[in-house]
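Spelled out, the chains give:
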Amino acid sequence: MKLTNRDVDIINFIEKNLGATIEQIQKTFFPSYDVAANRLKILNNNKFIKVQVHPILGKKVYYLKKMPSFHSLVITDVVILLKGKLDFMQREYKIKKNKVDCIFILKGGIILILEVDIFNRTKAKKINEIITVLNEKKAKFEFLIITKHEVEENKKKEKIKYIGINEIEEK
């Protein structure tokens, strides 16, 4: 089998994002789901990528080394939404003593901090420390928390946008 340039781009995308679903690959590289699924099957059959049904999603996920976490696949959804708007991206970025799930620097210089908080366990102290550091640096930033559960109004923080996991796919 001869790899195409798009095949190489797909493999690199899967490596950089730790894995991806057919839908994520389709949104990034193909005009239709069926064309994406067929090409991914060929890449898998020729041992360029691995595939397994994700235990939480119940969907096929393609990867190179190990099955990505649900957490990781949610971050990949955000990466796809920001396609063409990014200057920089790094997963598990450390700001002082706090590690954030992902940091993006958008083309306009705005910093986007992403926390995937499936079970609402992100501590207010962590959020406040990160916001304090960014404010001290006079950075233009947005803080995005993706959650599976509704956040009570009295627990919401200023300067933070809360989005439900299902809302990502709708955008």
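Use the structure listed above.
This write-up is about the structure you can find in this document. (Residues numbered from 1 in each chain as written. Predicted model: local features only at pLDDT ≥ 70, side-chain atom pairs only at ≥ 80, totals over all residues. Heavy atoms only, no water.)

**Re the overall build of the protein chain**
Here's step 1: Per the secondary structure count, the protein chain includes six helices and eight strands.
Here's step 2: When its helices and strands are written in sequence order, the protein chain yields α-β-α-α-β-β-α-β-β-β-α-β-β-α.
Here's step 3: Residue burial in the protein chain is summarised as follows: out of 171 residues, 44% are buried.
Here's step 4: Sequence-distant contacts, at least 24 apart, represent 47% of the contacts inside the protein chain between residues at least 6 apart.
Here's step 5: As presented, the protein chain carries roughly 10400 Å² of accessible surface, and 51% of it is formed by carbon and sulfur atoms. (Helix = DSSP H or I, 4+ residues; strand = E, 2+ residues; numbered from the N terminus. Buried < 20%, exposed > 50% of the residue type's maximum accessible area, 1.4 Å probe, protein only. Contact = heavy atoms within 4.5 Å. Areas by Shrake-Rupley, 256 points an atom, 1.4 Å probe, with all protein chains shown as cover.)

**As for helix H5 (residues 124-136)**
Here's step 1: For H5, spanning 13 residues, the distance from its first C-alpha to its last is 18 Å, which sits close to the expected 18 Å at 1.5 Å a residue.
Here's step 2: Along H5, the positions that sit buried rather than exposed are Lys126, Ile127, Ile130, Ile131, Val133 and Leu134. Within H5, the buried residues cover an arc of 160° as seen down the axis, which keeps them to one side. Pointing more than 90 degrees away from the buried face of H5 are the exposed residues Lys125 and Glu136. (Expected span 1.5 Å × (residues − 1). Arc of directions from axis to C-beta.)

**What to know about the packing of helix H2 (residues 22-29) against helix H3 (residues 33-45)**
Here's step 1: At a minimum axis separation of 9 Å, H2 and H3 run at an interaxial angle of 110°. Classed by the angle they form, the pair H2 and H3 counts as roughly perpendicular. The crossing of H2 and H3 is right-handed. Between H2 and H3, the residues in contact are Ile22, Glu23, Ile25 and Gln26 and Tyr33, Ala36, Ala37 and Leu40, respectively.
Here's step 2: Looking at the contact of H2 with H3 residue by residue, the class counts come to six nonpolar, one polar and one charged. (Axes fitted to C-alpha atoms, helices over the stretch in contact; angles between N-to-C directions. Parallel < 35°, antiparallel > 145°, perpendicular 65-115°, else oblique. Left-handed = near helix turned anticlockwise from the far one by under 90°. Nonpolar A, V, L, I, M, F, W, Y, C, P; charged D, E, K, R; others polar.)

**Digging into the environment of Leu114**
Here's step 1: Among the secondary structure elements, Leu114 is positioned in strand S6 (residues 111-117).
Here's step 2: With 47 residues separating them in the primary sequence, Leu114 and Lys161 have C-alpha atoms 9.9 Å apart.
Here's step 3: Residues in contact with Leu114, not counting those within four places in the same chain, are Ile75, Val78, Val100, Asp101, Cys102, Phe104, Leu144 and Ile146.

**What to know about the side chain of Ser72**
Here's step 1: Along the chain, Ser72 falls in helix H4 (residues 70-81).
Here's step 2: Looking at Ser72, its side chain comes within polar contact range of the side chain of Arg91, at 3.0 Å.
Here's step 3: In contact with Ser72, not counting residues within four places along its chain, are Asn17, Leu18 and Arg91. (Polar contact = N/O pair within 3.5 Å; in protein donor to acceptor, adjacent residues only side chain to side chain.)

**Digging into the sheet that holds strand S7 (residues 141-147)**
Here's step 1: Overall, mixed pairing links the five strands, which are arranged S4-S5-S6-S7-S8 in an open sheet. Of all strands in the sheet, those bounded by a partner on one side alone are strand S4 (86-95) and strand S8 (160-164). Geometrically, the sheet is characterised by an average inter-axis angle of 25° between neighbouring strands, direction not taken into account.
Here's step 2: In the sheet, S4 pairs with strand S5 (residues 98-106) via eight bridges, with the strands oriented antiparallel. Across the sheet, the residue bridging to Gln90 is Ile103, located in S5. (Pairing = 2+ DSSP bridges.)

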